[in-house]
Amino acid sequence: MRLTEGTRRTETVRRKKRRRSSCAQRAKERLKNVLSGTGGMGVVEVILIIVVLIGLVIIFQTNIKGIVTAIFRTMQSNVGKIK
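Worth saying up front: this structure is predicted, and the values here are computed from it rather than measured. (Residues numbered from 1 in each chain as written. Predicted model: local features only at pLDDT ≥ 70, side-chain atom pairs only at ≥ 80, totals over all residues. Heavy atoms only, no water.)

1. Some thoughts on the overall build of the chain
Helix and strand content of the chain: three helices and zero strands. Within the span of the chain, comprising 83 residues, buried residues form 0% of the whole. Summed over its atoms, the accessible surface of the chain is roughly 8100 Å², and 64% of this surface lies on carbon and sulfur atoms. (Helix = DSSP H or I, 4+ residues; strand = E, 2+ residues; numbered from the N terminus. Buried < 20%, exposed > 50% of the residue type's maximum accessible area, 1.4 Å probe, protein only. Areas by Shrake-Rupley, 256 points an atom, 1.4 Å probe, with all protein chains shown as cover.)

This is how it looks when you write it as structure tokens:
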């Protein structure tokens, strides 16, 4: 089967339309995902992370206090050395 010039143009136009359609569909899907909130962190995840962090602070409270106290002592003793 031999393609004529008109047939070639028609096929080219069809391919371009398919590409545009495919691109439009992908853009539509991306927009739908963004608007539906499927990406990113939700409120529940943030609350769970905060709860875990508070729990860790409560568990290691004495260790954290010791480290912070040591850091401040070191800073106070070295303040006079800065010129």
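2. A short note on the confidence of the model for the chain
Model confidence for the chain is summarised by a mean pLDDT of 81, while 77% of its residues fall at 70 or above. Ranking the helices and strands of the chain by mean pLDDT puts helix α3 (residues 61–78) first, with 94, and helix α1 (residues 5–36) last, with 73. (pLDDT = per-residue confidence, 0-100.)

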